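So you can see what is in the structure, the chains are spelled out below.
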Amino acid sequence: MTKAKYKIHRLDIKMDEDREKLEQFLNNLAGEVVSIIPNIAKTSLLQIYGVTRKMDFLFVVEKVNE
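Residues numbered from 1 in each chain as written. Predicted model: local features only at pLDDT ≥ 70, side-chain atom pairs only at ≥ 80, totals over all residues. Heavy atoms only, no water.

Novice: How should I be thinking about the overall build of the protein in this particular structure?
Specialist: Summing up its helical and strand segments, the protein has two helices and three strands in all. From first element to last, N terminus to C terminus, the protein shows the α and β order β-α-β-α-β. Counting the 66 residues in the protein, one finds 21% classified as buried. Sequence separation of at least 24 residues holds for 64% of the intrachain contacts in the protein that already meet a minimum separation of 6. (Helix = DSSP H or I, 4+ residues; strand = E, 2+ residues; numbered from the N terminus. Buried < 20%, exposed > 50% of the residue type's maximum accessible area, 1.4 Å probe, protein only. Contact = heavy atoms within 4.5 Å.)

Novice: How should the packing of aromatic side chains be read in this particular structure?
Specialist: How two aromatic rings sit relative to each other is given by the distance of their centres and the angle of their planes. The full count for this structure, using the stated rule, is one aromatic pair. Pairing F57 with F59 gives two aromatic rings, centres 5.0 Å apart and planes at 70°, and the pair type is edge-to-face. By relative accessible area, which is 9% here, F57 ends up buried. Residue placement shows R10 over the ring face of F57; its charged tip is 3.6 Å from the ring centre. (Phe/Tyr/Trp six-rings, centres within 6.5 Å; stacked < 30°, edge-to-face > 60°. Lys NZ or Arg CZ within 6 Å of the ring centre and 35° of its normal.)

Novice: Even after reading the chapter, I still don't get the environment of E32, so can you show me in this structure?
Specialist: Looking at where E32 falls in the secondary structure, it is placed in strand β2 (residues 32-40). E32 gets classed as exposed once you look at its relative accessible area, which sits at 52%. As for E32 and E62, which are separated by 30 residues in sequence, their C-alpha atoms are 5.5 Å apart. Setting aside residues no more than four positions away along its own chain, E32 makes contact with V61, E62 and K63.

Novice: Explain the sheet that holds β2 to me, please; I cannot follow it from the model alone.
Specialist: Picture the strands of a sheet paired through backbone hydrogen bonds; they go either parallel or antiparallel. Across the sheet, three strands lie side by side as β1-β3-β2; this open sheet has antiparallel pairing. Only two strands of the sheet have a single neighbouring strand rather than two, namely β1 (5-12) and β2. On average, adjacent strands in this sheet sit at an angle of 20° to one another, irrespective of strand direction. Pairing geometry for β2 and strand β3 (residues 55-64), over eight bridges, is antiparallel. Considered in β3, the bridge of E32 is made with K63. Strand contacts of helix α1 (residues 19-27): β1, β2 and β3, with the helix running at about 160° to β1, the strand carrying the most contacts. (Pairing = 2+ DSSP bridges. Axes fitted to C-alpha atoms, helices over the stretch in contact; angles between N-to-C directions.)

Okay, structure coming up:
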């Protein structure tokens, strides 16, 4: 029985602009995507009113078979 190995990828993304970037990144992975975890920035008044974005980047957890 082989142990599963995982890779964690960081993807800097703007959710309202980079849909194709995320799609291309996911389609180019060799392994199976286990999870996508967004990093949410601290909430400020500017974020509440939509002046600045709330999400900095995504962590993509990939299960790889070696």
